[in-house]
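Descriptive structure summary
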Amino acid sequence: MPFVQALHKPHQPRTGTIRFNQTSKSFLFNFTGSNRSIPSYIYHPLTRPIPQAPINSSTQKGRTKKRKQRGTKILAMASNGEQNQTESGRHQEVGHKSLLQSDALYQYILETSVYPREHEAMKELRELTAKHPWNIMTTSADEGQFLNMLLKLINAKNTMEIGVYTGYSLLATALALPEDGKILAMDINKENYELGLPVIKKAGVAHKIEFKEGPALPVLDEMIKDEKNLGSYDFIFVDADKDNYLNYHKRLIELVKVGGLIGYDNTLWNGSVVAPPDAPLRKYVRYYRDFVLELNKALAVDPRIEICMLPVGDGITLCRRIK
Ligand SMILES: C[S@@+](CC[C@H](N)C(=O)[O-])C[C@H]1O[C@@H](n2cnc3c(N)ncnc32)[C@H](O)[C@@H]1O
């Protein structure tokens, strides 16, 4: 889940304010004119309201002006279906994150090899998700394409996904599986899953999905008690609460089969994994970064797996269980 970059780039703090809305339990980000509402469960360490803190308003004015000049918008506010067609704007507008340093290069990848080959249902779901206020959480189209091919390459049949949102990575998975393939999909928010569900149904792959609403960890705890679940998964994709990734790993390593894969998303955490200690990171980026760093260290020395960290999306680490 690459959802940070549109809001924040290390070393380039955005100008604006953050407020906590008690009613919606959301943080309201207002950066250079864009209003974004982020559900508090994503950033639950920040459980108290953040004081309104204009971050350097003169810089803000300068940036706003520059951005206007470029004719770009930071984030997709696509509720009116408006499409910003400027070259530099589209990368950010689609709300997808890439660690590539050039927007044009990322756009080239999308336009040359991703969008032209994107399944029509994936396109529909992507466009539907772009209208949702939390669209920055969605898996990027290039990562969706990557997952889809990966699953076919490994002939995955029995899979799991933790962190569904509106279901872009879920649909990429469902489309890759054979007719009798299965996905156990878990998310604490069913509403967002139900937004994408009609598209998944239309694509004819909903029968492969078993959706469980609620936190994933207790479900995993139950699963590992049952011997028939052990070593039974071909592929598991984790794209949820970063502070639990190591807890997930402890359980998932028992559930994935030897030779099977676990994919942990956001392992480069918007590049913040290499930010200097005094870098002006936002609180939630800093908070989760420590967990991502800890996970990356642990995976690197785990003798039960082989790993490969790929700079796709916000970084995905593939772990192949070897024992
Ligand atoms: C980045 S989004 C997932 C994006 C999704 N993979 C996609 O392709 O659009 C993260 C999701 O994790 C879910 N989540 C957060 N904490 C969770 C938990 N403890 N258990 C299950 N899901 C959780 C959130 O509700 C959110 O929908």
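The coordinates are above.
Source: prediction; values computed, not measured.

1. Quick look at the overall build of the protein
The secondary structure content of the protein amounts to ten helices and ten strands. Here the analysis covers contacts within the protein between residues at least 6 apart in sequence; of these, 69% occur between residues at least 24 apart.

2. Here we look at the packing of helix 3 (residues 103-114) against helix 5 (residues 141-153)
It is the contact of helix 3 with helix 5, at a shortest axis distance of 10 Å, that shows an interaxial angle of 45°. As judged from the angle between their axes, helix 3 and helix 5 are oblique. Seen from above, helix 3 lies across helix 5 with left-handed handedness. Counting all contacts with helix 3, which are made through Ile109, Leu110 and Val114, the residues of helix 5 involved are Ala141, Asp142 and Gln145. Here the contact of helix 3 with helix 5 is built from residues that sort into four nonpolar, one polar and one charged.

3. Quick look at the environment of lysine 257
Within the element layout of this structure, lysine 257 appears in strand 8 (residues 256-265). A C-alpha to C-alpha distance of 5.4 Å links lysine 257 and tyrosine 233, two positions 24 residues apart in sequence. Setting aside anything within four residues of it in sequence, one finds lysine 257 in contact with Gly231, Ser232, Tyr233, Asp234 and Arg321.

4. With respect to the environment of glutamate 210
With respect to the element layout, glutamate 210 can be found in strand 6 (residues 209-213). Among the residues examined, glutamate 210 registers 11 C-beta atoms within 10 Å and is labelled exposed. Taking the C-alpha atoms as reference, glutamate 210 lies 5.0 Å from leucine 184; in sequence the two are 26 residues apart.

5. Describing the packing of helix 4 (residues 120-130) against helix 7 (residues 190-202)
Their axes nearest at 9 Å, the elements helix 4 and helix 7 cross at an angle of 170°. Here helix 4 is positioned roughly antiparallel relative to helix 7, judged by the angle of their axes. Of helix 7, the residues touching helix 4 (which contributes Ala121, Glu124, Leu125, Leu128 and Thr129) are Leu195, Gly196, Val199 and Lys202. In terms of residue class, the contact of helix 4 with helix 7 is built from five nonpolar, two polar and two charged.

6. Topic: the sheet that holds strand 6
Within the open sheet, the seven strands sit side by side as 6-5-4-7-8-10-9. Their pairing is mixed. Each having just a single partner strand, strand 6 and strand 9 (305-310) make up the two edges of the open sheet. Each strand axis lies, on average, 15° off the axis of its neighbour in the sheet, ignoring direction. Two strands pair when backbone bridges link them, and strand 9 and strand 10 (residues 316-321) are joined in this way by six bridges, in the antiparallel orientation. When the bridges of strand 10 are listed, isoleucine 307 appears paired with cysteine 319. Where helix 10 (residues 283-300) meets the sheet, its contacts fall on strand 8, strand 9 and strand 10, and the angle it forms with strand 9 comes to roughly 135°.

What counts, and where the lines are drawn
- Residues numbered from 1 in each chain as written.
- Predicted model: local features only at pLDDT ≥ 70, side-chain atom pairs only at ≥ 80, totals over all residues.
- Helix = DSSP H or I, 4+ residues; strand = E, 2+ residues; numbered from the N terminus.
- Contact = placed C-beta atoms within 7 Å.
- Axes fitted to C-alpha atoms, helices over the stretch in contact; angles between N-to-C directions.
- Parallel < 35°, antiparallel > 145°, perpendicular 65-115°, else oblique.
- Left-handed = near helix turned anticlockwise from the far one by under 90°.
- Nonpolar A, V, L, I, M, F, W, Y, C, P; charged D, E, K, R; others polar.
- Buried ≥ 20, exposed ≤ 12 C-beta atoms within 10 Å, placed from the backbone.
- Pairing = 2+ DSSP bridges.

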